[in-house]
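Commentary on secondary and tertiary structure
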Amino acid sequence: MTKLADIKGITKPVLSGLHKLGIHDVQGLLLHMPLRYVDETHISEVRELRMGEQAQVEGEIIHLEVSYKPRKSLIARLSDGTGDIFLRFLNFYPSQIAALKEGTRVRALGEVRHGYFGYEMVHPQTRAVRETTAVKQTLTPVYPTTAGLSQPSIRKWVTWALNNGDVSETLPKETYAKQTPSFQASLQYLHNPPPEANLQAMENRSNLEWRRLAFDELISQQLSMRQHYAKRRELGAPVLKLSTNLIPQLLSTLPFGLTGAQQRVVKEISQDLSRPYPMQRLLQGDVGSGKTIVAMLAALQAIENGYQAAIMAPTEILAEQHYQKMLHWLAPLDIQVAWLSGSQGKKDRTASLAAIASGDARLAIGTHALFQAQVQFNQLGLVVVDEQHRFGVEQRLSLRQKGQSDEVSAPHQLMMSATPIPRTLSMSYFADLDVSVIDELPPGRTPIATKLVSDARRDEIVERVRAACSQGAQAYWVCPLIEESEVLQLQTALDTFEHLQQTFPDLRVGLVHGRMKSAEKQSVMAEFSAGDIQLLVATTVIEVGVDVPNASLMVIEHAERMGLSQLHQLRGRVGRGAAKSACILIYQTPLSETARARLKIIYESSDGFEIAQADLHLRGPGEFLGIRQSGTPMLKIADLERDADLLEQAQAVADELLKRHPVEAQKHLDRWLSRGDELVKV
Ligand code: ADP
Ligand code: MG
């Protein structure tokens, strides 16, 4: 394949610009798609311009000056005979002054706004024209670019690639609908739109040409996921036979019986564990559905077979809670458990590391600390990752490598998530995982009443907390998320704590936040669990997993700042016992459009799947993947909502390709992966 560096005319700066954009070969150029299009196909009269519209005008510059009001700018007044409009430039070069001198005939393209002097365009694209200069016939593509690489230059090289690159079809005729335009025709259309192309369809990517590329992209993702899946099956894993001893023993001492859904997923997992290749299973279940016991049982199957298990959680509070709970469950079984966290003392840590390395500890529970270099397992057979979306892909991979004694085997992996993953996501980004779902809550839960209360009615909330706590209930008071500053967030928590202590002199008020030492956190949580603290002021550190069944009231401040899944998680901290529970969302007015939409959804729905679907709609897939830490690339063209119908077809086509046209399948993958990215590895 032609390297970019070998193409005549590509200079060093152009080459380095292209590399920065992730373009490394001709295929990459071909698939470098426009971000949007501008319509230079007609010229508007100034008098018909409307505020906010993107428009092109043409006329004579009748005045040019450098003005210092309101700040230094170059201001050209353009008249087309029907009216005047100002073109304003904040940073400008001498060459621009020359190009806009009085008397020049200019075409300007930009957004129409109300300016200091009247209608204006700020930083419009301008060019000198003669009376005879023809108007463009087609939409002009605008590409993602980087400093030093101009639009015309990118356009030129994309066009070069269209003429010289490999645009042959990878999909065999019978695998795609006849009416679908070919790969080549689609690229041609999108890079060089014909006169009839509709701006709106081009921009919202709804025409057949965009859809064809989205389809191809989805197929490539499916192919890549299937390859991963197949590759993993070539690895070996310990065969963990069904437990006949430990699991029945534990179940006989539990104060509850498993729900039907729990039994089903336990069976699915246990079958996976008995196979000679590594399990990669995602366990989904709404908050409170009882995933922890399922993880415990999986760990016991590994332990009974002579292997170790590791359970990793994203926060210390949660990991600690698992540790306490599992210690308690395992007490009658005489199984040694090791605890590992970043903040534990040196002595404890050394002891834990030694127990894990010698194999005395059969189960290791902890935070990220579990996959640091010093941790050596004796014989790791199973890794459980709780709240998987909180971890980056890299982190999950590095824990898996812990159990890898050689290149050809890996431990079993169970990932758990309380944020349900919408169907379209699990069909795409999670397609290389097997999925189990706990779709049933343990019996006896009472629904949580959700209330939206404006900040102005704080007094009522205070009364409500007082009433609940005086009747023996416990409550959480969650402080607002302040994303910009951890210090500010801490300050807010401290202020709230102090204020609530004064407000409720008769109650024991506790405080837990992310900056506390882990021993302090543990002791506060323990007091809250034991009922010694009645009102717990907390930052969002309690978001995941915390389980105190007697707590039945949740107050969340500045709920408008929080994401949907986060609100759902927080709300899920109550409603765990038999008492009637409530969640009060305090919001500050005025509400933005999105905040209003979010609050409406959380108010109306308590179904995690529905909420997750809405979250996907509002925020895109990033939040679900933990990709912010890992830099996992996203689908660039396909949109899981808009192109949901294509997803199912893409699955079918990918299967078909692999089965019947492996050569084309590989070609298709190579083409799409050459964009300089790899698709998700889990
Ligand atoms: P999550 O799925 O959110 O991690 P947990 O595992 O923390 O949920 O379980 C929530 C609570 O429900 C815990 O107190 C747990 O002991 C309890 N629980 C789990 N399974 C059952 C069951 N089958 N019947 C009754 N209570 C259960
Ligand atoms: Mg949990």
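Residues numbered from 1 in each chain as written. Chains lettered and ligands numbered in written order. Predicted model: local features only at pLDDT ≥ 70, side-chain atom pairs only at ≥ 80, totals over all residues. Heavy atoms only, no water.

1. Focus on the overall build of the protein
- Looking only at helices and strands, the protein has 24 helices and 22 strands in total.
- Once the C-alpha set of the protein is aligned to its principal axes, its extents read approximately 90 × 65 × 45 Å.
- Out of the 682 residues belonging to the protein, those deemed buried represent 55%.
- For the protein, the proportion of contacts with a sequence separation of at least 24, taken over those separated by at least 6, is 76%.
- In the structure as shown, the protein presents an accessible area of about 30,500 Å², 50% of it carried by carbon and sulfur atoms.
- Computed over 74 positive and 77 negative side-chain charges, the inter-centroid distance for the protein is 3 Å. (Helix = DSSP H or I, 4+ residues; strand = E, 2+ residues; numbered from the N terminus. Buried < 20%, exposed > 50% of the residue type's maximum accessible area, 1.4 Å probe, protein only. Contact = heavy atoms within 4.5 Å. Areas by Shrake-Rupley, 256 points an atom, 1.4 Å probe, with all protein chains shown as cover. Lys, Arg positive; Asp, Glu negative; His and termini not counted. Charge placed at Lys NZ, Arg CZ, Asp CG, Glu CD.)

2. What to know about the site of ligand 1
- Around ligand 1, a shell composed of 17 residues is seen, among which Gly288, Lys291, Thr292, Arg445 and Asp547 lie nearest.
- Glycine 290 is positioned such that a nitrogen or oxygen atom in its backbone is 3.0 Å from an oxygen atom of ligand 1.
- The protein chains hide 88% of the 570 Å² of surface that ligand 1 would expose on its own.
- Residue composition of the shell around ligand 1, grouped by class: four nonpolar, seven polar and six charged. (Near = heavy atom within 4 Å. Polar contact = N/O pair within 3.5 Å; in protein donor to acceptor, adjacent residues only side chain to side chain. Nonpolar A, V, L, I, M, F, W, Y, C, P; charged D, E, K, R; others polar.)

3. Brief notes about the sheet that holds strand E3 (residues 73-79)
- Across the sheet, which stays open at both edges, the seven strands sit in the order E6-E7-E4-E3-E2-E5-E8 with mixed pairing between neighbours. Both outer strands of the open sheet, strand E6 (113-114) and strand E8 (125-128), are each paired with one neighbouring strand and no more.
- Relative to strand E5 (residues 105-111), strand E2 (residues 54-67) runs antiparallel, the two being bridged by seven bridges. Bridging from a neighbouring strand, glutamine 54 pairs with glutamate 111 of E5. (Pairing = 2+ DSSP bridges.)

4. So, the pairing of strand E11 (residues 308-312)
- The buried fraction of E11 is high, at five of five residues.
- Burial along E11 is two-sided: Gln308, Ala310 and Met312 facing one way and Ala309 and Ile311 facing the other are all buried.
- Strand direction decides the pairing type here: E11 and strand E14 (residues 380-385), joined by five bridges, are parallel. Residue pairing in the sheet places alanine 309 in a bridge with leucine 382 of E14.

5. Concerning the domain arrangement of the protein
- Per the domain assignment, the segments of the protein are domain 1 (46-128), domain 2 (246-438) and domain 3 (448-605).
- Just the C-alpha atoms count here: the centres of domain 2 and domain 3 sit 29 Å apart.
- Taken together, the contact pairs 17 residues of domain 2 with 17 residues of domain 3.
- Counting the surface lost from both domain 2 and domain 3, the interface buries some 1,300 Å², and carbon and sulfur atoms represent 54% of this.
- Here domain 2 is connected to domain 3 by one salt bridge.
- Between lysine 325 and aspartate 547 there is a salt bridge whose closest N-O contact spans 2.8 Å.
- Summed over the shared surface of domain 2 and domain 3, the result is four residue pairs in polar contact (both at pLDDT 80 or more).
- A breakdown of the residues in the side of domain 2 that touches domain 3 according to their chemical character gives six nonpolar, five polar and six charged. (Domains from an automatic or database assignment. Buried area = accessible area lost by both parts, 1.4 Å probe. Salt bridge = Lys/Arg side-chain N within 4 Å of Asp/Glu carboxyl O.)

6. Concerning the sheet that holds strand E19 (residues 509-512)
- Taking strand neighbours across the sheet as the criterion, the six strands line up as E17-E22-E21-E18-E20-E19 in an open arrangement whose pairing is parallel. With one partner strand each, in any of the chains shown, strand E17 (448-454) and E19 form the two edges of the open sheet. Taking the axes of each pair of neighbouring strands and ignoring which way they run, one obtains an average angle of 20° across the sheet.
- Direction of pairing for strand E21 (residues 551-556) relative to strand E22 (residues 581-587): parallel, over a ladder of four bridges. Among the inter-strand pairings, valine 555 is bridged to a residue of E22, identified as isoleucine 584. (Axes fitted to C-alpha atoms, helices over the stretch in contact; angles between N-to-C directions.)

7. Quick word on a nonpolar patch on the surface
- A cluster of nonpolar side chains, namely Val66, Tyr68 and Ile97, defines an oily patch on the protein surface of about 270 Å² accessible area.
- As for its placement among the helices and strands, tyrosine 68 is situated in the loop between E2 and E3. (Patch = residues over 30% accessible without salt bridge, like charges linked within 9 Å, V, L, I, M, F, W, Y side chains within 5 Å.)

8. Some details on the pairing of E22
- Of all the seven residues making up E22, seven are buried; the element is thus mostly covered by neighbouring parts of the structure.
- Judged by which residues are buried, E22 turns out to be covered on both faces: Ser581, Cys583, Leu585 and Tyr587 on one side and Ala582, Ile584 and Ile586 on the other are all buried.
- Here E17 runs beside E22; their pairing, made up of seven bridges, is parallel. Residue pairing for E22: alanine 449 is matched across the bridge by alanine 582.
- In this region the chain leaves E21, passes through helix H18 (residues 564-571) and returns to the parallel neighbour E22; the handedness of that crossover is right-handed. (Right-handed = clockwise from strand over helix to strand, strands pointing away.)

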